[in-house]
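Examining the three-dimensional arrangement
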Amino acid sequence: MSIYQMSIIPADPQANRERVSKWVSNEVEKAEKPDILILPELWTTGYRLEDLQEIAEVPEGETYKLLSELAQKYAINIVGGSIAVKVGEKIYNRALVFNRAGQLIYQYDKMHLVPMLNEPNFLTAGDKRARLFTLDGYRMGLIICYDLRFPELARSLALEGMDVLFVVAEWPEARFQHWEVLQQGRAIENQCFLVSCNTVGEDQGTIFAGRSKVINPWGDIIIEGTKNKEETITSLIDIKTVKSIRENVPVFESRVPHLY
């Protein structure tokens, strides 16, 4: 898999689409073509909440079409981060996942909005449960940035048999320690791989933390991006190890939810 730790051009969806299109074409030309490409949160617009009424897309708009076309053209799975989607007067922070045939197999609207950043003033929270989706036969889940702080969400997916949890984000440097620890916690407690894609750079005084990661079910960091450099993080993971780890340390069988 390849993770695009991207420095987003604020409020310029077309420029960001062009950069992602070029990145995808470069990744598929590698000697070892990745199975999955991962993009960050709100990668078309950046964190320009006050501009979203003008620059958010309609459902199945330009970015949707681009990701579908790229996935089909190159026969590659794309975890398309998230984009701002306008439905009537409401704007959702919506994640999109496309399979190798270019089909949208999953979408998720971020359900936890950040009160400290006034997100509820600009965005509408998703009101549908997060679900698993399947890529190449493996069960995967996806959450968006602030969702990482809510262990119940990741656990609900793990109880359905999740093998890999994707976290797409624009997490700030000011709280990078939380970014580090929460990811390892979600991987360990749910005995799954965790793959995160964060942004880098600065916008309106906010510095983003980078440090995108791949973490195994033991909580070991397999690979990690830098804190301030746009780059591609590439990793191979053996998803089959999830089953053996859960058998060796049977956390889910040891649960007593009727006492919680």
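To be clear, the structure that these remarks concern was listed above.
Let's shift gears to the overall build of the chain. If you tally the helices and strands in the chain, you get 7 helices and 14 strands. Whereas a compact globule of 260 residues would reach a radius of gyration of roughly 18 Å, the chain reaches 17 Å, a difference of no more than 12%. Seen through its principal axes, the chain has C-alpha atoms that stretch 50 × 45 × 35 Å. Contacts in the chain between residues at least 24 apart in sequence constitute 66% of all its contacts with a sequence separation of at least 6. For the chain, the computed accessible surface area is about 11,600 Å², with 51% contributed by carbon and sulfur atoms.

Within the open sheet, the 6 strands sit side by side as β5-β4-β3-β2-β1-β14. Their pairing is mixed. In this open sheet, the two edge strands, each paired with only one partner strand, are β5 (104-109) and β14 (231-234). Going from strand to strand, the sheet's axes swing by 25° on average, the running direction of each strand aside. For strand β2 (residues 36-38) and strand β3 (residues 77-87), the ladder comprises 3 bridges, and the chain directions are parallel. Bridging across to β3, L37 finds its partner in I78. Set on the sheet, helix α1 (residues 13-28) makes contact with β1 (2-5), β2 and β14; between it and β1 the angle comes to about 150°.

What counts, and at which threshold
Residues numbered from 1 in each chain as written. Predicted model: local features only at pLDDT ≥ 70, side-chain atom pairs only at ≥ 80, totals over all residues. Heavy atoms only, no water. Helix = DSSP H or I, 4+ residues; strand = E, 2+ residues; numbered from the N terminus. Rg over C-alpha atoms; globule rule 2.2 N^0.38 Å. Contact = heavy atoms within 4.5 Å. Areas by Shrake-Rupley, 256 points an atom, 1.4 Å probe, with all protein chains shown as cover. Pairing = 2+ DSSP bridges. Axes fitted to C-alpha atoms, helices over the stretch in contact; angles between N-to-C directions.

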